[in-house]
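Below are the chains, spelled out letter by letter.
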Amino acid sequence: MQVLQVQLAVQADPAEVGRARRWVRSRLLNHGVDPDAPMAETVVLVVSELVTNAVVHTGCPAVLRLCLPMAEGPAAAAPPGPLRVEVADASQAAPAPRHAGADEDATNGRGLELVELLCERWGWYPDGSGKRVWCEIGAEARPADPLAGVDWAALAQ
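So, here's what we can say about the structure. These figures come from a predicted structure and were not determined experimentally.

Now for the overall build of the chain. Counting secondary structure elements, the chain contains 4 helices and 5 strands. Reading the chain from its N terminus to its C terminus gives the helix and strand order β-α-α-β-β-α-β-β-α. When each of the 157 residues of the chain is scored for burial, the buried share is 37%. Pairs at least 24 apart in sequence give 65% of the contacts found in the chain among residues at least 6 apart. Entry remark: accessible area of the chain is about 9000 Å², with carbon and sulfur atoms responsible for 53%.

Take a look at the structure:
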């Protein structure tokens, strides 16, 4: 399987998270992914969480990389494989999922929980003087809103 890799340098500024989201949408569109598809929404949300973690927790620039699988031949019947997102930063500290608790007004602490929920797999490894956090999202990714597909009427019966 061939993979197209594209990357974006992200400065240590929280405003860069919005730029990373726009860049990802553009790359996905250029790759033929419908920007309104659940996979695209999931990729943008996951990128937002991972880039935010890198920028906020290290205070250093990071590198965002998308690894986009390429279909082999014009009649490829099945998706060629999962899309991979990687964010490299300058911190050697392992990412630690935190549980935000019952406080629905909490504004942080759920990022890696979302990544774990929305991705097929995720992890991290040491990379040079820092680390690389990665995740894989399949073509049949869950919607960004995990409750969007719930049949509430059926549950009420």
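The structure having been displayed, the exposition proceeds.
This brings us to the pattern of salt bridges. Using the criterion set out here, one finds 8 salt bridges in the structure. Arg132 is paired through a salt bridge with Glu86; the nearest N and O atoms lie 3.1 Å apart. A residue pair is termed long-range when its members are at least 10 positions apart, and Arg132 in strand β5 (residues 130-137) and Glu86 in strand β3 (residues 83-89) qualify at 46 residues. Ionic pairing is found between Arg132 and Asp127, a salt bridge with its closest N-O pair at 2.6 Å.

Here we come to the environment of Cys119. With respect to the secondary-structure elements, Cys119 resides in the loop between α3 (111-118) and β4 (121-127). Separated by 77 residues in the primary sequence, Cys119 and Thr42 have C-alpha atoms spaced 8.3 Å apart. Ignoring sequence-local partners within four residues, the contact set of Cys119 consists of Val46, Cys135, Glu136 and Ile137.

Each value, and the rule that gives it
Residues numbered from 1 in each chain as written. Predicted model: local features only at pLDDT ≥ 70, side-chain atom pairs only at ≥ 80, totals over all residues. Heavy atoms only, no water. Helix = DSSP H or I, 4+ residues; strand = E, 2+ residues; numbered from the N terminus. Buried < 20%, exposed > 50% of the residue type's maximum accessible area, 1.4 Å probe, protein only. Contact = heavy atoms within 4.5 Å. Areas by Shrake-Rupley, 256 points an atom, 1.4 Å probe, with all protein chains shown as cover. Salt bridge = Lys/Arg side-chain N within 4 Å of Asp/Glu carboxyl O.

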